[in-house]
Amino acid sequence: GIDASGSYDQLTLATSFIFSNDGFVAINGEEIYDGATFWLWGIDAGVEANTQLCWTVQASTNQFPVQSDCYSDRFQSNLNDNTILGEGYVHVHSGIHDLAG
C-alpha cells in the first residue's frame, strides 16, 4: 500500500505496458486515503500500429513467455519497420491478445 502523510496525499503515476508498443495507464493527482483503490483504463496512445510484433514492443526476447514466438530471436526482433502507422488518436486499449505463441 501507499501511506498518505503530511503533504503527500495525492497519487500521480504513468507507466507503459511491457508487451505493448504504445499502451499505458496513467492517473493524475488523485487523493490517497485509507483503503483507496484505483481502477485505471488501459490507454492506447495511437502512435504505432497494434501489430504486437516482436520488434514493436519494449521487451527483451527473454522477457516474453516461453511459448511466445518472440521468446527467441528467430524472428529478427531488431528489424524495426515504423512505416505502419498508428490510429492517430488516443483511445481505450483493446488488450494484449497474441502472446500464446
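Computed from a predicted structure; not experimentally measured.

Relative to the helices and strands, His93 resides in the segment after β4 (91–92). The buried category is assigned to His93, whose relative accessible area is 12%. The residues contacting His93, other than those within four sequence positions of it, are Phe17, Ser20, Gly23, Gly42, Ile43 and Asp44.

To continue, consider the sheet that holds strand β3 (residues 43–44). In spatial order, the strands read β1-β2-β3-β4; together these four strands make up an open sheet with antiparallel pairing. The outermost strands of the open sheet, each flanked by one partner alone, are β1 (10–16) and β4. One ladder, built from two bridges, connects strand β2 (residues 23–31) with β3; its direction is antiparallel. Within the sheet, the bridge partner assigned to Phe24 lies in β3 and is Ile43.

We now examine the pairing of β2. On a regular strand, one side chain projects to one face of the sheet and the next to the other, so that they alternate. Alignment of β1 against β2, held across six bridges, turns out to be antiparallel. Counted as the bridge partner of Leu13 is Ile27 from β2. Taking the residues between adjacent antiparallel strands as the criterion, β1 and β2 are bridged by six residues.

What follows concerns the environment of Cys54. Here Cys54 lies in the loop between β3 and β4. Considering only alpha carbons, one finds Cys54 and Ser20, 34 residues apart in sequence, at a separation of 9.8 Å.

Caution applies to low-pLDDT parts of the model: their predicted coordinates are not meant to be read in detail. Mean pLDDT over the protein chain works out to 76, with 72% of the residues at or above the 70 mark. Of all helices and strands in the protein chain, the one with the weakest mean pLDDT is β1 (90), whereas β2 scores best (93).

On to the side chain of Asp44, then. Inspection of the secondary structure assignment puts Asp44 in strand β3. Judged by relative accessible area, which is 0%, Asp44 ranks as buried. Of the polar contacts made by the side chain of Asp44, one reaches the backbone nitrogen of Gly46; its length is 2.7 Å. With residues near it in sequence (within four places) discarded, Asp44 still touches Asp22, Phe24, Asn50, Glu87, Tyr89, Val90, His91, Val92 and His93.

So, about a nonpolar patch on the surface. Judged by side-chain polarity, Leu13, Phe38 and Leu40 come together as a nonpolar surface patch covering roughly 220 Å² of accessible area. Mapped onto the fold, Phe38 is located in the loop between β2 and β3. You can call Phe38 partly exposed: its relative accessible area is 31%.

Conventions we followed
- Residues numbered from 1 in each chain as written.
- Predicted model: local features only at pLDDT ≥ 70, side-chain atom pairs only at ≥ 80, totals over all residues.
- Heavy atoms only, no water.
- Helix = DSSP H or I, 4+ residues; strand = E, 2+ residues; numbered from the N terminus.
- Buried < 20%, exposed > 50% of the residue type's maximum accessible area, 1.4 Å probe, protein only.
- Contact = heavy atoms within 4.5 Å.
- Pairing = 2+ DSSP bridges.
- pLDDT = per-residue confidence, 0-100.
- Polar contact = N/O pair within 3.5 Å; in protein donor to acceptor, adjacent residues only side chain to side chain.
- Patch = residues over 30% accessible without salt bridge, like charges linked within 9 Å, V, L, I, M, F, W, Y side chains within 5 Å.
- Areas by Shrake-Rupley, 256 points an atom, 1.4 Å probe, with all protein chains shown as cover.
- Salt bridge = Lys/Arg side-chain N within 4 Å of Asp/Glu carboxyl O.

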